[in-house]
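Chain by chain, the residues:
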Amino acid sequence: MTDPAKLEKRTLNLGFVPLLDAAPLIVAHELGFFRDAGLTVTLQREASWASLRDKLVFGLLDGAHILAPMVVASQMRMPGSRPLPKLTTALALGYNGNAITLSNTLAGELAIDLPARPGPVGRALHTAIERRRAAGQARLVFGTVYPFSMHTYLLRLFLKESGIDPEADVDIRVLPPQAMIDALRRGDIDGYCVGEPWNTGADRLDAGRIAVLGYDIWQNAPEKVLGVSEAFAREAPNSHRALVSAVLRACQWLDEPDRIASVAHWLSRPQYLDCSSDLLLTALQTPWIDGLPRWRKQYFHYAATFPWRSQAEWMLDQMLDAGQIQTLPGDRRALIERAYDTATWREVAQTLAIPSPTEDDKPENARDDRHPILGG
Amino acid sequence: MPGRRDSSLSQAQIGKMNILVIDNQPERARVIEEALTALDHAVVIRTPDQTRIHQLVASFQPDVVIVDAQSPDRDMLEDVALTSDRNPRPIIFFAEDDDSEVIRQSIEAGVSAYIVDGLQPERVNTIIKVAISRFEAFQSLRGELDKTRTELADRKVIDRAKGLLMKHRDCDEDAAFNAMRKMAMNKSVRLVEIAHDVIDLFES
């Protein structure tokens, strides 16, 4: 653990968006892991990823629970955006956690039992789209949470693997997660890809049906990371390591058995997710019903906290594929290495006696991600 | 046609503008609407129960968007900016005082302007004008910067190709340069493209 006397900055503001996978930050706070690391932390809830990013790049937040692709995207100048200070991460906040939910109307058109594997759902959806086109009906609209998000890329991956063109056959639109259920009910959208508790929420309110679990689209897909500005990582390296250490401990804690009740209780509080703890309990427990660790968030095992550079590479490919960027930067690998700081992760892991992966990359989007280099 | 976003700075400053207001505080939105309508601008207020900003932007074509800095809808606006025509619209934020550092830095960054809570309605038009003029100036400056960057990058490529030619063809700098220029003229392509070919040839 970092010597508290060497911390460049002891008081940190950390941002989060009220979602189940903000748990590592909230748990680290509730269990005193930040205090143990010599840090005094204030957790600040943000209403949008845009606001969270602005505060992070301008130094109002020192670190944040942020969409992994936003950190990769920050390393590039997007068309029509101003050049901003760049972001980096030394800690991923786990695998999985998303699902695709469909409106009751669309779920009815598919005429299969849901949730199901992506194959059968995709085939039924493809047929429904063809039928709608023949009948001259409007294109289906799917919601996602942000352009640069795993939600967008998982949705596109699912559609493409089902023979559905994500640009020509459907519309993909950004909506705030908390607006998804109402939009589904009103018929503004026909489905969405979002994290929890917004899939379980739709199911419980009978506003829609969970159709495909993110885990079935890509086992152990990346999701959020602990993002910091490059300036913070450079100017306060010891504070950065202390921060990574505290949140890494929380991820480890979260993957132990018998944590669900405490997590649901803490996260439901007004200053965090401000929602029913029953809803969170359901969101946390549901996937265990069929006895498989599907859809459940994997916070720590299988090197889920390691900032795999292969994941950042995959995201960069998706940005290009989705037309979000027109060209790849000249030195692609240098960009990836700036965005995904594996060295800091390894240093911190060593102090916590957590074994390090031997490589910085692994095969991505394989059907079985239990690759030998991941260890257990 | 008024309200097109490709209007020049002078038109934008003088002419009638389409302004979209996204605010969950209806009273504040109405004050802004009154002030702007009195100045002959067309104003649309997006009410909290409308989720589809995309359609609103497509049909109304706002020149400026005014939004609460704390609104969850900001992510939708970024999506619209990215997918609609790849041209951002100036966005002006309502902000609380504790965001003042973000406000200051964003203004310095050139594109965003913020209206701090408790403003006088008559000041709104001035702020919008300033925001747009900053935005336009920033866009044109960035265009210049991009051009300069490209030219610098091209020159590096050309220099490298020249060096390779000198080495492999055993000629002097002028001869290498003239050979490339002649090839570019014959093929009617830019010099830098010939330079890339030369580098590919000798380094692959």
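Everything quoted here is computed from the prediction, not taken from an experiment.

Scoring rules and cut-offs
Residues numbered from 1 in each chain as written. Chains lettered and ligands numbered in written order. Predicted model: local features only at pLDDT ≥ 70, side-chain atom pairs only at ≥ 80, totals over all residues. Heavy atoms only, no water. Helix = DSSP H or I, 4+ residues; strand = E, 2+ residues; numbered from the N terminus. Buried < 20%, exposed > 50% of the residue type's maximum accessible area, 1.4 Å probe, protein only. Polar contact = N/O pair within 3.5 Å; in protein donor to acceptor, adjacent residues only side chain to side chain. pLDDT = per-residue confidence, 0-100. Contact = heavy atoms within 4.5 Å. Axes fitted to C-alpha atoms, helices over the stretch in contact; angles between N-to-C directions. Parallel < 35°, antiparallel > 145°, perpendicular 65-115°, else oblique. Left-handed = near helix turned anticlockwise from the far one by under 90°. Nonpolar A, V, L, I, M, F, W, Y, C, P; charged D, E, K, R; others polar. UniProt positions renumbered as here; feature names shortened; annotations may be inferred.

Student: Help me understand the side chain of N96 of chain A in this model?
Tutor: Residues and elements named next belong to chain A. On the secondary structure map, N96 appears in the loop between β4 (87-92) and β5 (98-103). With relative accessibility at 4%, the residue N96 sits in the buried group. Among the polar contacts listed, one links the side chain of N96 to the backbone nitrogen of N220, at a separation of 2.9 Å.

Student: When you look at the confidence of the model for chain A in this model, what are you seeing that I'm missing?
Tutor: A low pLDDT means the predicted coordinates there should not be read in detail. Averaged over chain A, the pLDDT score is 90; the fraction of residues at 70 or greater is 92%. Throughout residues 367-376 of chain A the model reports pLDDT below 50, and contacts reaching past four residues in sequence, or to other chains, amount to 28 contacts.

Student: Please explain the packing of helix α13 (residues 260-267) of chain A against helix α14 (residues 277-285) of chain A as it appears in this structure.
Tutor: To describe two helices that pack against each other, one gives the angle between their axes and the distance between the axes. Residue and element names in this part refer to chain A. Running from N to C, α13 and α14 cross one another at 140°; their axes reach a closest spacing of 8 Å. Judged on the interaxial angle alone, α14 and α13 are oblique. Relative to α14, α13 is oriented so that their crossing is right-handed. Only S277, L280, L281, L284 and Q285 of α14 make contact with α13, whose side of the interface consists of I260, A261, V263, A264 and L267. A breakdown of the residues in the contact of α13 with α14 according to their chemical character gives eight nonpolar, two polar and no charged.

Student: It is not clear to me how the UniProt feature "modified residue: 4-aspartylphosphate" (unreviewed entry) in chain B should be interpreted in this structure. Could you clarify?
Tutor: All names here are of chain B. Annotation from UniProt places "modified residue: 4-aspartylphosphate" (unreviewed entry) at D68. Residue position: D68 is located in strand β3 (residues 64-68). You can call D68 buried: its relative accessible area is 13%.

Student: Could you clarify how one ought to interpret unusual backbone geometry in this entry?
Tutor: Excluding glycine, residues mostly carry a negative phi; peptide bonds, for their part, are mostly trans. All names here are of chain A. Each neighbour pair has its own omega, and for L114 with P115 the value is -5°, a cis peptide bond. Mapped onto the elements, P115 comes out in the loop between α5 (104-110) and α6 (118-134). At N220, a position not held by glycine, the phi torsion is positive, near 60°. Relative to the elements of secondary structure, N220 occurs in the loop between α10 (214-217) and β10 (224-229).

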